[in-house]
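Below are the chains, spelled out letter by letter.
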Amino acid sequence: MKEKKGCIITFPTVHQALRAEKILTQYKFMVTVLPVPREISSDCGIAIKFSGEDETRIKTILDDSNVKIEGIHYLKGKKVEEEGQN
Amino acid sequence: MIYFDNAASSWPKPPEVISAMNDFMERVGANPGRSGHQASLKAGRIVLKTREAVAELFNIKDPSRVIFTLNGTYGLNLGIKGLLKAGDHVVLTSMEHNSVMRPLRYLEKMKKVKLTIIYCQRDGQLNLEDLRKTLEGKVTLVIATHASNVTGGIMPLKEIGKLVKIEGGLFMVDACQSAGSLPLDLDEMGIDLLAFTGHKGMLGPQGVGGLYIREGIELEPLVQGGTGSNSGEELQPEFFPDRYESGTLNTVGVAGLGAGVEFLLRIRIEEIRKKEEALIRTLIEGMKEIEGIEIYGPEDPENRIAICSFNFKGRDPAEVGYLLDREFGIMCRVGLHCAPAAHRTIGTYPQGTVRFSLGYFNREEEVYTALNALRKVKEMTG
C-alpha cells in the first residue's frame, strides 16, 4: 500500500464540485476547494482536497448524494499520482 | 396606489430579495464557476443554493437538471426548440401564452412540426375528454400552462400527466404564472419539462427564469459558448447544467431569485395559496354585485390563481384601465395579455379584458378600495 498524504477529487462541472463541498462540510470533513493543479487535467477548474484517510467515506457519501466525480488523484509530496478516471 | 399587476411582474418583493442582490453587488460581484478564487467560489455557491432551493420548491431530486435562463420565454424556447424535430406532433391548449404559441408556430412553418390546439371551454377550462381523444394519435409533446395568465384558470396537470403517460409522449408545463402561487410536484404530476420565470410568483427580480429537464431527456442547447468548464475543448460540454448555460449568468438576479424562493419555502406555498385564494374570492364576490361587469374564467375561485379578467359590458377595456390608473391609482393590465388564442376561447378577442392580478402582499382593504373604484368607474360613463 502506498502512503496517502492527501487526495484531490476533480469534477465534471463547478455545480458538482460546489455540491460536494457543501455536503462534505455538512459531514464535518476538512476539505479545501482549490483551483485544479496543473499536473491534473480536469473539465472543471476547481477541485476538492482532503486527507487521504477519509477517501473511502468521502467516496461513499458523494456517491450516495448523487454527486458526479471525474477522478481521484493522490498527492505524494509535490507529485500528483492519478488513479483511474471515473 | 394599488398594485394589481402581479401577473406581469410581482411587486413588492420581500426585503430579503433586495438585500441578497445588494449583498452580491457590494460584497461578491465575481463570475460564478469561472475562477478558483474566493469571490468566484462565493458567487458559485449562491448559484448552487438557488438551484437547490428551486429543486426543493418543485420536488426535483437532481438540482443540476434545473437550468437558469434569461426569463420564462427563454426557458420555454429551450424546451420547445431543443426537443422538437421535423415531423413531430405537438398538442397544446388554446390558453397558451405567446411564449409557447410563437415558437411553436415558428417550428410549424420552418420545420413542419404538426400542431394540434385543443380549444378550451368558454370559461377557459380544459375538457380532459377532448385531450384524451387527441392523444390517441402519435404525439411527441403535450404542452399546457399550469394557470392561464388571462383567466387565472388552473389546468388539471395531474390528470393531463396521467393521460400523457398512458398514451406516450412527453409532458411540458409552462409554470410562469403559477410557480410560487400553487403547489407543484413534478413527480406526482408526471412533468418532464417545466419552464418558470423568476419575477412573478417566485418573487425574484426580472431577468432570470429557467427550465427543468427530467433525467433521460436530451435537448439541443439553443446557444453554445463559454461555460467555465471543459475550457480546452471546442465542443459544447455534455454535462448539466453547463450544457445549457453558456455565457455568464445573471448572478445578481439568481441571488435575488434564491432569496425569493427561500421566502416561499419559509412561508409555505399552501399558506400563500390560502391568502391569494381568499383575496381573489373577496374580489370576485364583490364584483359580481356590480351590475354591468362581466367576469371571465372558472366560476369557483378555487379553480383559479389570483387573477380576474373582466369587462364593463359595452366599454373599451383600455378606457376602463386608464380611469382605474389615473383616477384611482389602481395599476392593472388591459388588452390581450400576449395570449390571443386564450381571448378567442373566452370570446374577448380582439378588444381583450381588464385584468386584475393579485399577489401575496396585497391586502383585503385594497380589494375593497378597488371594488369602490369599480362602482365609481361604472358611474363615470356608464
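Residues numbered from 1 in each chain as written. Chains lettered and ligands numbered in written order. Predicted model: local features only at pLDDT ≥ 70, side-chain atom pairs only at ≥ 80, totals over all residues.

S.K.: Let's hear about the sheet that holds strand 9 (residues 293-295) of chain B: which residues, and what values?
M.R.: Residue and element names in this part refer to chain B. A sheet is described by the order of its strands in space; here four strands give the open sequence 9-10-13-12, paired in antiparallel fashion. Each end of this open sheet is capped by a strand with a single partner; those strands are strand 9 and strand 12 (333-335). On average, each strand axis in the sheet is inclined to that of its neighbour by 30°, with strand direction left out of account. Across four bridges, strand 10 (residues 307-312) lies against strand 13 (residues 353-357) in antiparallel orientation. Bridging from a neighbouring strand, cysteine 308 pairs with phenylalanine 356 of strand 13. (Pairing = 2+ DSSP bridges. Helix = DSSP H or I, 4+ residues; strand = E, 2+ residues; numbered from the N terminus. Axes fitted to C-alpha atoms, helices over the stretch in contact; angles between N-to-C directions.)

S.K.: Which residues make up the interface of chain B and chain A, and what are the values?
M.R.: Contacts between the two partners involve 15 residues from chain B, matched on the other side by 15 residues from chain A. For the side of chain B that touches chain A, the per-class residue count stands at five nonpolar, seven polar and three charged. (Contact = placed C-beta atoms within 7 Å. Nonpolar A, V, L, I, M, F, W, Y, C, P; charged D, E, K, R; others polar.)

S.K.: How would you sum up the sheet that holds strand 2 (residues 66-69) of chain B? Please name residues and give values.
M.R.: Residue and element names in this part refer to chain B. Read from one edge to the other, the open sheet built from seven strands follows the order 2-8-7-6-5-3-4, with strand pairing classed as mixed. Pairing within the sheet leaves two strands with one partner each, and these edge strands are strand 2 and strand 4 (114-118). Taking each pair of neighbouring strands and ignoring which way they run, the sheet shows an average axis angle of 20°. The pairing of strand 7 (residues 193-197) with strand 8 (residues 209-213) spans five bridges and is antiparallel. If you follow alanine 195 over to strand 8, its bridge partner there is leucine 211. Across the sheet, helix 2 (residues 38-58) touches strand 2, strand 7 and strand 8, and the angle it forms with strand 2 is around 120°.

S.K.: Run through the packing of helix 1 (residues 15-28) of chain B against helix 8 (residues 251-267) of chain B, naming residues and quoting values.
M.R.: Residue and element names in this part refer to chain B. Viewed as axis vectors pointing N to C, helix 1 and helix 8 meet at an angle of 150°, and their least axial separation amounts to 8 Å. In terms of orientation, helix 1 lies roughly antiparallel with respect to helix 8. Crossing angle aside, the handedness with which helix 1 passes helix 8 is right-handed. When helix 1 is examined against helix 8, the residues Glu16, Val17, Ala20, Met21, Phe24 and Met25 are found in contact with a partner set consisting of Thr251, Val252, Ala255, Gly256, Gly258, Ala259, Gly260 and Phe263. Its residues assigned to classes, the contact of helix 1 with helix 8 shows nine nonpolar, four polar and one charged. (Parallel < 35°, antiparallel > 145°, perpendicular 65-115°, else oblique. Left-handed = near helix turned anticlockwise from the far one by under 90°.)

S.K.: Explain the pairing of strand 5 (residues 141-145) of chain B to me, using residue names and the numbers behind them.
M.R.: Residues and elements named next belong to chain B. When you tally the buried positions in strand 5, you get five out of five residues, the bulk of the element. Strand direction decides the pairing type here: strand 3 (residues 89-93) and strand 5, joined by three bridges, are parallel. Each bridged residue has a counterpart across the sheet, and for valine 90 the counterpart in strand 5 is leucine 141. Pairing of strand 5 with strand 6 (residues 170-174), which is carried by five bridges, proceeds in the parallel orientation. (Buried ≥ 20, exposed ≤ 12 C-beta atoms within 10 Å, placed from the backbone.)

S.K.: With reference to specific residues and values, describe helix 3 (residues 72-83) of chain B.
M.R.: Residues and elements named next belong to chain B. Here helix 3 contains 12 residues, and its C-alpha end-to-end distance of 17 Å stays within 8% of the 16 Å for a straight helix at 1.5 Å per residue. Helix 3 sits mainly inside the fold: 10 of its 12 residues count as buried. Along helix 3, the positions that sit buried rather than exposed are Gly72, Thr73, Tyr74, Gly75, Leu76, Asn77, Leu78, Gly79, Ile80 and Leu83. Of the surrounding secondary structure, the elements contacted by the buried residues of helix 3 are strand 2, helix 4 (98-110), strand 5, strand 6, strand 7 and strand 8. (Expected span 1.5 Å × (residues − 1).)

S.K.: Go over the confidence of the model for chain B, please, and point to the residues and values.
M.R.: Chain-level statistics for chain B give a pLDDT mean of 96 and a share of 99% at 70 or above. With a pTM of 0.94, the predicted complex shows an ipTM of 0.83. (pLDDT = per-residue confidence, 0-100.)

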